[in-house]
Amino acid sequence: MNWALTQSLQTSAGYVAGGMAGDGPPLILAHGWPWSSFSWHRIIPELAKTHRVHWYDMPGYGGSEMREDQRTGLDVQGAVFAQMLNHWRLDRPIVIAHDFGGATTLRAHLLHDCDYDRYVLMNVVAMRPWGSAFFDHVGQHVDAFMGLPDHIHEAIVAAYIKGALANPIAADDLEALIAPWLTEAGGVSFYRQFAQADERYTAEVEPLFGKIRCPVDILWGADDPWIPIARGKALHDLIPHSSFTALPGLGHLPQLEDPDTVLQHIQNALI
């Protein structure tokens, strides 16, 4: 019941690597940027004891297809999420989303008519403005970052990922988060994500938050260096029938910083 990418599914944005574990009510995990579905690996075994858990790497991420001129913006990711639910024949799954997974699944729900049984949003990108200072800088100067020497590129990726944390994570976990971006295709895809980031893809759904059709639980690492907790509280105010829980001392990647705490809150939300 551990994390692995055992499936390859074709989507409108290229092939997608995914996996599944457990049996029970369907639950799908939506990762964010610049991670992959590996970011959920510490909580998947426990969730799989009570649910049929699905996960996948978004196109342009992790073990999924990375190709020249690939479109991987949040508009594409929202459409692909809807396609993944169709591939897996999930009518009303539980959805747990983190970071870009928030905007991705919100677009699938509000623009592509995907229904969820219950919805957990954790430190999500959902409202403008979003992105760190470094995120904005790279987005404005993408060409200058293309073709950097390998060791400099690796240092940038590592520093960027570490910048999301309020607490250190296991060295093996950090290495696995970095690794997909160190291939030739991964390096190009890494900077392409900055170039394709566009706040209009959250602007399109922000006015629709009051129309979310399922119970929502919002979890937020209170010491998130990228998206302040005030943004999470503002999101809570806009979503009817939502709850809000702060996770003291945790940063932008709670599921790897303190997986036991995150798992406890998720299990409480699913009761």
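From a predicted model like this one, the values you see are computed outputs, not experimental measurements.

Scanning the entire structure with this criterion turns up nine salt bridges. D173 serves as the salt-bridge partner of R42, at 2.6 Å between the closest nitrogen and oxygen. Linking R42 in the loop between β3 (26-30) and α1 (44-47) with D173 in helix α7 (residues 171-178), this pair joins segments that are 131 residues apart in sequence. A salt bridge links D217 to R118, with the shortest nitrogen-to-oxygen separation between them at 2.7 Å.

Let us look at the packing of helix α6 (residues 150-162) against α7. Their axes nearest at 10 Å, the elements α6 and α7 cross at an angle of 120 degrees. In terms of axis orientation, α6 runs oblique to α7. At the point where α6 passes α7, the crossing takes the right-handed sense. Two secondary-structure elements touch here, α6 through V157, A158, I161 and K162 and α7 through L174, L177 and I178.

This brings us to the packing of aromatic side chains. In the structure shown here, the tally under the stated rule is 21 aromatic pairs. Taken together, a centroid distance of 5.3 Å and an interplanar angle of 85 degrees make the contact between W3 and F38 edge-to-face. With W3 in the segment before β1 (7-11) and F38 in the loop between β3 and α1, the pair connects residues that are 35 residues apart, well separated along the chain. Residue classification places W3 among the partly exposed positions, given a relative accessible area of 26%. Taking 5.6 Å as the distance between ring centres and 55 degrees as the angle between the ring planes, the aromatic pair formed by Y160 and F194 counts as tilted. Pair noted here: Y160 is in helix α6 and F194 is in helix α8 (residues 184-196), with a separation of 34 residues, a long-range link. On the basis of relative accessibility, which here comes to 5%, the residue Y160 falls in the buried class. Through a chain of ring-to-ring contacts, the aromatic side chains of W33, W35, Y61, F145, Y160, W181, F190, Y191, F194 and W226 assemble into a single cluster.

What counts, and where the lines are drawn
- Residues numbered from 1 in each chain as written.
- Predicted model: local features only at pLDDT ≥ 70, side-chain atom pairs only at ≥ 80, totals over all residues.
- Heavy atoms only, no water.
- Salt bridge = Lys/Arg side-chain N within 4 Å of Asp/Glu carboxyl O.
- Helix = DSSP H or I, 4+ residues; strand = E, 2+ residues; numbered from the N terminus.
- Axes fitted to C-alpha atoms, helices over the stretch in contact; angles between N-to-C directions.
- Parallel < 35°, antiparallel > 145°, perpendicular 65-115°, else oblique.
- Left-handed = near helix turned anticlockwise from the far one by under 90°.
- Contact = heavy atoms within 4.5 Å.
- Phe/Tyr/Trp six-rings, centres within 6.5 Å; stacked < 30°, edge-to-face > 60°.
- Buried < 20%, exposed > 50% of the residue type's maximum accessible area, 1.4 Å probe, protein only.

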